[in-house]
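Understanding the architecture of this molecule
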There are 2 protein chains.
Amino acid sequence: MESATENLHAFFTPKSVAIVGATKKINKAGHVIFKNFVENKRREVFKGEVFPVNPYEDSILGFQCYPSVTKIPVELDLVVVVVPAEIVPKIMEDAASKKVKAVVIISSGFSEIGKHELENKVLTIAKKAGIRVLGPNCLGVYDSRTGVDMLFLPETKILTTGEEVIATPRPMPGNIAMVTQSGAFGVAALDYLAGRQIGVSKFVSFGNKCDVDEAEMLHYLLYDEETKVILLYIEDIKSGREFIKIAKEVAKRKPIVALKAGRTEAGARAAASHTGALAGSDQIYDGVFAQTGILRAKDMEEFFDAGKALAMQPPASGKNVGIVTDAGGPGIMAVDECELRGLVVKRFSEATIQKFEKMKEEGKLPKFATNLNPVDITGSGTSEMFEAAVEILFQDPEIHGIILLGLHHTPALQEDYIDRVARVATKHDKPIVACDIGETEMALHTRFRFDKLGIPAYSSPEDSARAMNILVKYGEYLEKHNCLKEYIQNFLKEKRKAKTS
Amino acid sequence: MESATENLHAFFTPKSVAIVGATKKINKAGHVIFKNFVENKRREVFKGEVFPVNPYEDSILGFQCYPSVTKIPVELDLVVVVVPAEIVPKIMEDAASKKVKAVVIISSGFSEIGKHELENKVLTIAKKAGIRVLGPNCLGVYDSRTGVDMLFLPETKILTTGEEVIATPRPMPGNIAMVTQSGAFGVAALDYLAGRQIGVSKFVSFGNKCDVDEAEMLHYLLYDEETKVILLYIEDIKSGREFIKIAKEVAKRKPIVALKAGRTEAGARAAASHTGALAGSDQIYDGVFAQTGILRAKDMEEFFDAGKALAMQPPASGKNVGIVTDAGGPGIMAVDECELRGLVVKRFSEATIQKFEKMKEEGKLPKFATNLNPVDITGSGTSEMFEAAVEILFQDPEIHGIILLGLHHTPALQEDYIDRVARVATKHDKPIVACDIGETEMALHTRFRFDKLGIPAYSSPEDSARAMNILVKYGEYLEKHNCLKEYIQNFLKEKRKAKTS
C-alpha cells in the first residue's frame, strides 16, 4: 500500500524539479511556475533543486538553463511541463530516458479538445517508463508546507487606478486538502479559503486525469499527516469500482466532502460539454457517496463550510442538537434548518431545564430567558451567561452537538465570551459551532476569533446548522463502521498536540 | 388611503420629537437615542426639533430638559419612550393631553412577558387620543435620509486589546426598507447590509406590534418614494385578512421578500416561546405568500441577496436563463441551481449559436469555447469577449435573464470587463446578475464594482442563480396581474433618473 503511493510523493516533495518551458517572459506560465520555485527555495520553504529547461536561453533568474532534461546533471524526481501539446511526447521521451518519477503536464490541447490520440501517446510513454503523470490540462500542485507551487495565475492584478491587489492568493498552511477536477474552480477555492483564513495542506488539480485520478489521490492523502479533511470537486468519476473501494477506507479515517456538479439534466449536459464527462445519473453518484461515506455538499458554500467544521471539530455521536442564543429570531432559524436536515432539536431533559431554572433563581440568567431549547439568554445576556449555558449543554448526555448564536450587538455582551466558551469546549469531546451575523468589524472579528480558538464560526444561523449537520452525518458513518470512538479519540489527541506544539 | 398613512409619517419625519427617559448616563438607551437625534440635528440631517424629557435633569448635552412632554412649548409630532414599563401609561396620558401624533415605546416588560393588561392599558389611551403606537418592546425606527435614529445599541465596541471597532453600523441610504418583528435580527441585518454596502431607506422594528403592524407598514411603504423593495422578517402575522389584502396591492408595485422563521414544528415551538407567536402551520404561510405575491426566502442569505437583486435589476419576463462564464465548473453549478429552482437553461437558439460560431471564426472567441448554454469563454477569455457574449444574450429574444460568472483569476481578464458589461446592460431591459468567487482583494473589488454599476454580484454560482430565480418569480407574479410591463418601465425610468441626478 505504501509503495503504491510512493511515487505520488514526488509530486509534493521532490528532491529535484525541472520546469520544461521555463522562460524569462513575465505572465507566461513557464515563468511564473519557475519563479514560484525559485522564490520558495530562496526562502528555504522549498528544499529541493530547481532547473529551468529551455533550449533558447542560457539562464533564467540567475539559474543555468538546460536545453533538455537529459542534460541535467542530477537525478530528477519531478518534471513540470509547460510547452505546446505537440511537443509533449518528445519531452516525455526525454523524461523516460532520464528516469524521472513524476511529470505534471500543465499544457492543454489534449483529450479535452478531442485530441485523444496525442494524450494516449503521452500515457503510453509514461506507462512504459513507470512515470506517474498528473494532467494534462491542469493547474498541478500547491503544497503549503514544501513550497511546491505550480499556480501560474497572476498573484496580483493592477486596477485601472494603478493599485495592485491580491488576485490569486495562497492560503496559509492547514489541514484541508483540496482536490479538484476543475482548475478554475480550484483557484477560486484557494481565493475563498485564503480570505476566510482557512488553512490548506495540499492543492491538486487533475485536469484530464490521464493517469493519476481521484481514487489514487485519496489513497495518497490517507497517509498524508498534514491532511485531516479532503475537499473533492468532481464532474465525473472514471474508475468507479476502484474509487468506491478506496473512498470507503479513507472515509473511515479522514472525512471526504464532495461537491459534484451536474446534479440536474441540464447541468450534466453542461458538464459533458465542459470535460466530456459522461456523468451518468446523479442518483448513481448519490448512491456512491452514501455507500462510501463521502459527505455530499449541496452547494459551494456548504462545501467550504463543511471542510472548516470537520477540520476543527470532532463528529457528533448522535443527532440531538442543543442551541444557545442571545437572539430569539436567529435561534428559530437555526432550529428550522437543523430539523429540515434531519437533526433533532427537542425540549431539553428536565434535569437540564432545572439547571437553567436554578440559574434564573440565582440571578445568573435573565428571569424571562426561555430555556427549553433553544436557551435564549436574551439581549441582556452576558459573557458569563453564555459560558455557563454552554457548560450545562456540554454536560447533558442527551445533547450531541451545540450551536452557539452569539450576536455581538447587545451592550452587555463583551468580546471575552468567545474565549470563555472556547475554554469550556476544550474540556469536552462534543462538537460545537458558532454564528455571529454581520459584515462589519466586530462581526468579522468575532468569527475570526472563534475560528482561531478552534470553534468554526459562520455568518448565518442556517450555515451553522448545516455545519453541525455535516458533523452529525460523518459521525453516523463512523458509528456504522464501529470507528467513531477511535476517530474522536485520535482527533482530540491531535488537536491537543497541535495546541501545545 | 393617503390619510390612513398620514400619521405614520410622524414616525419617520417628525417636525418635533421628545425622548422621554433621556439621560446623561452613557450606554443607557435613553442617552444613546437622544444623542443620535442631537448629532443628526447638528449635521443638519435631522431637521426637526429635539427635546429631552426627564424630571431629574435640567439639561442634557446642552439641551434644556423638560419634566414632562406637557411642558414642552411647541407642538409634538413624536414621542420616544424609554422608561420602565409601569410608568408608560402615565407617559401616554401626558402624550394624549399634548396631542402628539405618534409614540414609539422602546421599553420592554409588556405582553412578551405576559403583562397583557399593561399593554392593553397603553393601547386604550392611545386609541382614545388617536395616537399611533409602535412597539412596545422594539428598537423603533431608523431612517437613513431624515436622521431619525432610535437604535440604542452601541455603535462601536472596545476589544480587550483596547481597539475600538464598529459593532452596530448604519447602512448607507438606499432603496431597501427593512421591516422586522425581531429587533435582534433587525440590527444584525443592518450590520450585514452595511458591510455589504447595500443601501437602506427605512428600518422599522415592531416588537409586540400592539397598534401599528406589518399590514399598515406595508401600506405606508407603498407610498414611500425612497423605498423600492421591502424586506420583511416575521414570526407570525396577526391581522391575516387585512395583511393579505394590502400585501396583494403592494406587491404589484413594490416587491416584498419575506423571511418567516418557524418553518418546522420545532421551529414553530421555539417561535411560540419567543414572541408568543401562534404561528399556525407553515403551509398556511406558504399559501398566503403565494396568494399575495410575497417572495419567500429560504434562508437569511437568500433574504438579503433577493433584496439586493430586486433593488438593482428589473424582474424577468420569463424563465429562460442564459449563462456566460469563463470557468466551466462554476457554470455547471449555476445551471444546476437554476434548474433546481424551476428556471430553464436550455440550448441557445440556432441564431445565437451561429453568432458565437462567427465570433470564433473571426478569432473573437477562443476556438474551443463551448457555446450551447452556458457560453464558456474559457480561461483565455478577455474583457472584450465577455462584453460581446453578453450583448448577444441580451439580443436573444428567447433569453429572459443573464447570469455572468466572471472569475477574475485568469491573466487575460482585466478589470474593465465589469464596466464594459455594465455599459451593455444599461441598453437593455432584461435582468443580469454577476458572480465572482473569492474572499480576497480582487474578488471583493469585483463584486463591489458590479454592485456600484447596478449589477448585483454574488460570491457563489448558486447564490447568483437564486438571485435570478427571485427576479423570475417576481416577474411571474406581475405578469399574472398584467402589470409587468408597467413595472419594468417605471423601474428603468427611475434607474436612469437616479443615474443622471
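Residues numbered from 1 in each chain as written. Chains lettered and ligands numbered in written order. Predicted model: local features only at pLDDT ≥ 70, side-chain atom pairs only at ≥ 80, totals over all residues. Heavy atoms only, no water.

To continue, consider the overall build of chain A. For chain A, the count of helices and strands is 18 helices and 21 strands. The C-alpha radius of gyration of chain A comes to 25 Å, within 12% of the 23 Å expected for a compact globule of 501 residues. Overall, chain A is about 85 × 50 × 40 Å in size when its C-alpha atoms are taken along their principal axes. Here chain A holds 501 residues, and the buried ones make up 65% of them. Excluding contacts between residues fewer than 6 apart, the proportion of contacts in chain A whose partners are at least 24 apart in sequence is 75%. When the accessible surface of chain A is split by element, carbon and sulfur atoms take 51% of a total near 19100 Å². (Helix = DSSP H or I, 4+ residues; strand = E, 2+ residues; numbered from the N terminus. Rg over C-alpha atoms; globule rule 2.2 N^0.38 Å. Buried < 20%, exposed > 50% of the residue type's maximum accessible area, 1.4 Å probe, protein only. Contact = heavy atoms within 4.5 Å. Areas by Shrake-Rupley, 256 points an atom, 1.4 Å probe, with all protein chains shown as cover.)

Let us look at the domain arrangement of chain A. Residue and element names in this part refer to chain A. If you check the domain split of chain A, you get domain 1 (2-309) and domain 2 (314-500). Between the C-alpha centres of domain 1 and domain 2 the distance comes to 37 Å. At the interface, 21 residues of domain 1 touch 20 residues of domain 2. For the domain 1 and domain 2 pair, buried surface summed over both sides reaches about 1800 Å², with 58% attributable to carbon and sulfur atoms. Where domain 1 meets domain 2, there are two salt bridges. The salt bridge involving R341 is made with E302; its shortest N-O contact spans 3.1 Å. The interface formed by domain 1 and domain 2 includes eight residue pairs in polar contact (both at pLDDT 80 or more). (Domains from an automatic or database assignment. Buried area = accessible area lost by both parts, 1.4 Å probe. Salt bridge = Lys/Arg side-chain N within 4 Å of Asp/Glu carboxyl O. Polar contact = N/O pair within 3.5 Å; in protein donor to acceptor, adjacent residues only side chain to side chain.)

The next subject is the environment of L340(A). Mapping L340(A) onto the fold places it in helix α12 (residues 328-340). For L340(A), a relative accessible area of 45% gives the class partly exposed. Sequence spacing of L340(A) and Y223(A) is 117 residues, and the spatial spacing of their C-alpha atoms is 36 Å. Apart from the residues lying within four places of it in its own chain, the contact partners of L340(A) are R263(B) and T264(B).

All names here are of chain B. Ordered by their spatial adjacency, six strands build an open sheet running β17-β18-β16-β19-β20-β21, and the pairing between neighbours is mixed. Two strands in the sheet have a free side with no partner beyond their single neighbour: β17 (370-371) and β21 (457-458). Running at roughly 165° to strand β16 (residues 321-325), helix α12 (residues 328-340) makes contact with β16, β18 (375-376) and β19 (401-405) of the sheet. The strands touched by helix α14 (residues 383-395) within the sheet are β16, β18, β19 and β20 (432-435), with β16 carrying the most contacts at an inclination of about 175°. (Pairing = 2+ DSSP bridges. Axes fitted to C-alpha atoms, helices over the stretch in contact; angles between N-to-C directions.)

Our next topic: the interface of chain B and chain A. Contacts between the two partners involve 78 residues from chain B, matched on the other side by 78 residues from chain A. Here chain B packs against chain A, burying approximately 6100 Å² in sum over the two surfaces, 64% of which is carbon and sulfur. Looking only at chain B, the three residues that lose the most surface to chain A are K157(B), I332(B) and H409(B), adding up to 11% of its buried area. At the junction of chain B and chain A, the tally comes to 32 residue pairs in polar contact (both at pLDDT 80 or more). Looking at the side of chain B that touches chain A, the elements with two or more residues in it are β9 (156-158), β10 (164-166), α6 (183-195), α9 (265-275), α11 (300-312), α12, α16 (441-452) and α17 (461-480) of chain B. Counting residues per element, the side of chain B that touches chain A draws most heavily on α12(B), which supplies ten residues. A breakdown of the residues in the side of chain B that touches chain A according to their chemical character gives 38 nonpolar, 20 polar and 20 charged. (Nonpolar A, V, L, I, M, F, W, Y, C, P; charged D, E, K, R; others polar.)

Further remarks concern the relation of the copies chain B and chain A. Taken as rigid bodies, chain B and chain A are interconverted by a rotation of 180° and an axial shift of 0.0 Å, the fit giving an RMSD of 0.1 Å. Each copy turns onto its partner about a two-fold axis. Among all residues of chain B, the one whose C-alpha sits closest to the rotation axis is E301(B), at a distance of 5.5 Å. When the interface residues of chain B are mapped onto chain A, 99% of them again lie at the interface, so the same face is used by both copies. (Least-squares fit on C-alpha atoms with pLDDT ≥ 70 in both.)

This part takes up the sheet that holds strand β21 (residues 457-458) of chain A. Residues and elements named next belong to chain A. Strand order in the open sheet made by the six strands is β17-β18-β16-β19-β20-β21, with mixed pairing throughout. Both outer strands of the open sheet, β17 (370-371) and β21, are each paired with one neighbouring strand and no more. Here strand β16 (residues 321-325) pairs with strand β19 (residues 401-405) via five bridges, running parallel. By the bridge assignment, I323 is partnered in β19 with I403. Here helix α17 (residues 461-480) sits on the sheet and contacts β16, β19, β20 (432-435) and β21; the angle it forms with β20, its principal contact strand, is near 165°.

Quick look at the nonpolar core now. Counting residues in each nonpolar core, the largest one holds 246 residues, and the members touching the most others are M217(A) and M217(B). In this structure, M217(B) is in contact with L8(B), F12(B), L134(B), V179(B), V204(B), F206(B) and V212(B), ignoring residues within four places of it in sequence. (Core = buried A, V, L, I, M, F, W, Y, C linked by side-chain atoms within 4.5 Å.)

Moving on, we get to the pairing of strand β6 (residues 102-105) of chain B. Residues and elements named next belong to chain B. Side-chain alternation along β6 places A102 and V104 on one buried face and V103 and I105 on a second face that is also buried. Pairing between strand β5 (residues 78-81) and β6: four bridges, direction parallel. Across the sheet, V79 pairs through a bridge with V103, a residue of β6. Each parallel crossover has a hand, and for β5 linked through helix α4 (residues 88-98) to β6 it is right-handed. As defined by bridge partners, β6 adjoins strand β7 (residues 132-134) across three bridges and the pair is classed as parallel. Its bridge partner being in β7, V104 is matched across the sheet by L134. (Right-handed = clockwise from strand over helix to strand, strands pointing away.)

Take unusual backbone geometry next. Residue and element names in this part refer to chain A. Residue N373 is joined to P374 through a cis peptide bond whose omega torsion reads 0°. Unlike most non-glycine residues, E44 shows phi in positive territory, near 60°. Mapped onto the elements of the fold, E44 is located in the loop between α3 (29-42) and β2 (49-53). Phi is positive for Q197, close to 55°, though the residue is something other than glycine. In this structure, Q197 sits in the loop between α6 (183-195) and β12 (200-205). A residue is classified by how much of its surface remains accessible, and Q197, at 45% relative accessible area, is partly exposed.

Attention now moves to the packing of helix α13 (residues 350-361) of chain A against helix α14 (residues 383-395) of chain A. Residue and element names in this part refer to chain A. Two elements in contact, α13 and α14, have axes separated by 10 Å at closest approach and are oriented at 160°. Taken together, the axis directions place α13 and α14 in an arrangement best described as roughly antiparallel. For the crossing formed where α13 meets α14, the hand is right-handed. Residue-level contacts link T352, K355, F356 and M359 of α13 to A388, A389, I392, L393 and Q395 of α14. For the contact of α13 with α14, a count of residues per class yields six nonpolar, two polar and one charged. (Parallel < 35°, antiparallel > 145°, perpendicular 65-115°, else oblique. Left-handed = near helix turned anticlockwise from the far one by under 90°.)

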